[in-house]
Amino acid sequence: MSAATTRDRTPRTPRASRTPAPDRLCAEAVDLAREAAEEAAAPGVVGEHSGVVAEGDRVVTHFFECKEPGYRGWRWAVTVTRASRAKNVTLDETVLLPGSDALLAPEWVPWSERLRPGDLGPGDLLPTEQDDPRLEPGYTGEDAPPPNSAVSAELADHLDAEDAEVTDRTPTRGAIAAVADELGMGRARVLSRYGLRIAADRWDESFGPRTPMAQAAPATCQSCAFLIPLAGSLRQSFGLCANELSPADGRVVSLAYGCGGHSEAAVMPTPPRPAEPVLDSTAVDAFPLHPPTDSGSVTPPDPTSEDLGHS
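The text that follows walks through the structure, step by step, so that each part is easy to find. Small disclaimer: the values here were computed from a predicted structure and weren't measured.

## Re the overall build of the protein chain
Phase 1 of the analysis: A tally of regular secondary structure across the protein chain gives eight helices and nine strands.
Phase 2 of the analysis: Burial analysis of the protein chain (311 residues in total) assigns 20% to the buried set.
Phase 3 of the analysis: The contacts in the protein chain between residues at least 6 apart in sequence include a share of 51% that link residues at least 24 apart.
Phase 4 of the analysis: Total accessible area on the protein chain stands at roughly 24,400 Å², and carbon and sulfur atoms take up 54% of it.

The following block contains the structure:
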């Protein structure tokens, strides 16, 4: 085995990266760096010299404390350099950089994540991202041929065969689009399963069975006459409240939600019919002025006393 082959198979240890020592002339250019910092900032704002860092060969950065109010922990960084074999130090750049304990602004959050319910006002536009996970492509009928379009016989037979596998009666082309428009499906995008789930979680948190109002209710909304069921898959779990006295009026409520305004919670009983009065003080009773002669309580008149005019 040759020496060359031995050297090729011997693993080489990589050289450790060394930090270059600051250039002497650049490190001594403190006054030049201070003048540059004061020119970029303002007199009296640049503080004491706090250190020197070598950025490369003949490239040095000087740090100065920042006394600007509101910039606690920040430092003015002035980078100077010189050409090879030159003794004149020149200015490279001046920036204000945060230190390890600097007071920083909060992390930037996109506007779409800063929005909260109620932020959208009249005239505001809220664009929706193309790849929004809450939405998915819907049926618009754009890919379906018009009812009277001229399609090849082979394609027409293929479409009719596919439709016959789904339905007993083969629908005519164009009828699917009409039914889709009637059902409200003529939209470019519809809610995805993820969009339905997060909407259901949001509604269930506001008007669901775990709310204090629902736990104190006499019954659930499922048996309330003021509940208007929703359409689609949400019909099994949610409805719309139509009771103006309920705190959920006009809101989507869970079928397990409830409140004191339940239609069957306190039905007013029919008031009982009062009994006939024993003594009717509102009616007038007829009393004869003279008792009848055949009652036995009146003596017959004496005919001899009639001439005298008295009895």
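## Things to note about the side chain of Ser-254
Phase 1 of the analysis: Positionally, Ser-254 belongs in strand S9 (residues 252-254).
Phase 2 of the analysis: When neighbours within four sequence positions are excluded, Ser-254 is seen to be in contact with Asp-204, Phe-207, Gly-208, Pro-209, Cys-221, Ser-237 and Phe-238.

## Comments concerning helix H7 (residues 193-206)
Phase 1 of the analysis: Between its first and last C-alpha atoms H7 spans 20 Å; for 14 residues at 1.5 Å apiece the expected length is 20 Å, and the two agree.
Phase 2 of the analysis: Looking at H7, one finds that the buried residues are Gly-195, Ala-199, Ala-200 and Asp-204. Across the axial projection of H7, the buried residues extend over an arc of 160°, all falling on one side.
Phase 3 of the analysis: Against the buried residues of H7 lie strand S6 (189-191), strand S8 (238-241) and S9.

## Thoughts on the pattern of salt bridges
Phase 1 of the analysis: Per the stated rule, a full pass over the model turns up five salt bridges.
Phase 2 of the analysis: A salt bridge links Asp-132 to Arg-134; its shortest N-O distance comes to 2.7 Å.
Phase 3 of the analysis: The class of Asp-132 is buried, set by a relative accessible area of 10%.
Phase 4 of the analysis: Note that Asp-201 is salt-bridged to Arg-197, the shortest N-O span being 3.8 Å. Of this pair, Asp-201 and Arg-197 are both found in helix H7, four residues apart, which corresponds to roughly one turn of the helix.
Phase 5 of the analysis: Assessed through its relative accessible area of 44%, Asp-201 is described here as partly exposed.

## Comments concerning a nonpolar patch on the surface
Phase 1 of the analysis: Taken together, the side chains of Trp-111, Leu-115, Leu-120 and Leu-126 define a hydrophobic patch exposed on the protein surface, amounting to about 390 Å² of accessible area.
Phase 2 of the analysis: Tracing the backbone through its elements, the reader meets Trp-111 in helix H4 (residues 111-114).
Phase 3 of the analysis: What makes Trp-111 partly exposed here is its relative accessible area of 43%.

## Structural notes on the packing of aromatic side chains
Phase 1 of the analysis: Counted under the stated rule, the structure contains three aromatic pairs.
Phase 2 of the analysis: Measuring from ring centre to ring centre gives 5.4 Å for Tyr-71 and Trp-74, while their planes differ by 80°; the resulting arrangement is edge-to-face.
Phase 3 of the analysis: Among the residues examined, Trp-74 registers a relative accessible area of 18% and is labelled buried.
Phase 4 of the analysis: Measuring from ring centre to ring centre gives 5.7 Å for Trp-203 and Phe-238, while their planes differ by 80°; the resulting arrangement is edge-to-face. Of this pair, Trp-203 sits in helix H7 while Phe-238 sits in strand S8; the two residues are 35 residues apart in sequence, bridging distant segments of the chain.

## Observations regarding the nonpolar core
Phase 1 of the analysis: Counting residues in hydrophobic clusters, the biggest one holds 14 residues, and the most contacted among them are Ala-37, Val-46, Phe-64, Cys-66, Trp-76, Val-78 and Val-80.
Phase 2 of the analysis: Considering every element that reaches this core, the biggest residue donor is strand S3 (residues 74-81), with four residues.
Phase 3 of the analysis: Among residues more than four places away in sequence, those in contact with Cys-66 are Val-45, Tyr-71, Trp-74, Arg-75, Trp-76 and Leu-96.
Phase 4 of the analysis: Within the second largest apolar cluster, nine residues are counted, among which are Ala-214, Cys-221, Ala-248 and Val-253.

## Concerning the side chain of Asn-243
Phase 1 of the analysis: If you trace the backbone, Asn-243 turns up in the loop between S8 and S9.
Phase 2 of the analysis: Judged by relative accessible area, Asn-243 falls into the buried class, the value being 8%.
Phase 3 of the analysis: In terms of polar contacts, Asn-243 uses its side chain to reach the backbone amide nitrogen of Leu-245, at 3.2 Å.
Phase 4 of the analysis: Here the side chain of Asn-243 touches Gly-261 through a polar contact of 2.8 Å, landing on its backbone oxygen.
Phase 5 of the analysis: If near-sequence neighbours (up to four positions away) are discounted, Asn-243 is found in contact with Phe-226, Asp-249 and Gly-261.

## Considerations on unusual backbone geometry
Phase 1 of the analysis: Residues other than glycine seldom take positive phi values, yet Arg-58 does so here, at roughly 60°.
Phase 2 of the analysis: Relative to the helices and strands, Arg-58 resides in the loop between strand S1 (46-56) and strand S2 (59-66).
Phase 3 of the analysis: Owing to a relative accessible area of 30%, Arg-58 belongs among the partly exposed residues under this scheme.
Phase 4 of the analysis: One non-glycine residue, Arg-85, lies in positive phi territory at about 65°.
Phase 5 of the analysis: In this structure, Arg-85 sits in the loop between S3 and strand S4 (90-98).

Conventions used here
Residues numbered from 1 in each chain as written. Predicted model: local features only at pLDDT ≥ 70, side-chain atom pairs only at ≥ 80, totals over all residues. Heavy atoms only, no water. Helix = DSSP H or I, 4+ residues; strand = E, 2+ residues; numbered from the N terminus. Buried < 20%, exposed > 50% of the residue type's maximum accessible area, 1.4 Å probe, protein only. Contact = heavy atoms within 4.5 Å. Areas by Shrake-Rupley, 256 points an atom, 1.4 Å probe, with all protein chains shown as cover. Expected span 1.5 Å × (residues − 1). Arc of directions from axis to C-beta. Salt bridge = Lys/Arg side-chain N within 4 Å of Asp/Glu carboxyl O. Patch = residues over 30% accessible without salt bridge, like charges linked within 9 Å, V, L, I, M, F, W, Y side chains within 5 Å. Phe/Tyr/Trp six-rings, centres within 6.5 Å; stacked < 30°, edge-to-face > 60°. Core = buried A, V, L, I, M, F, W, Y, C linked by side-chain atoms within 4.5 Å. Polar contact = N/O pair within 3.5 Å; in protein donor to acceptor, adjacent residues only side chain to side chain.

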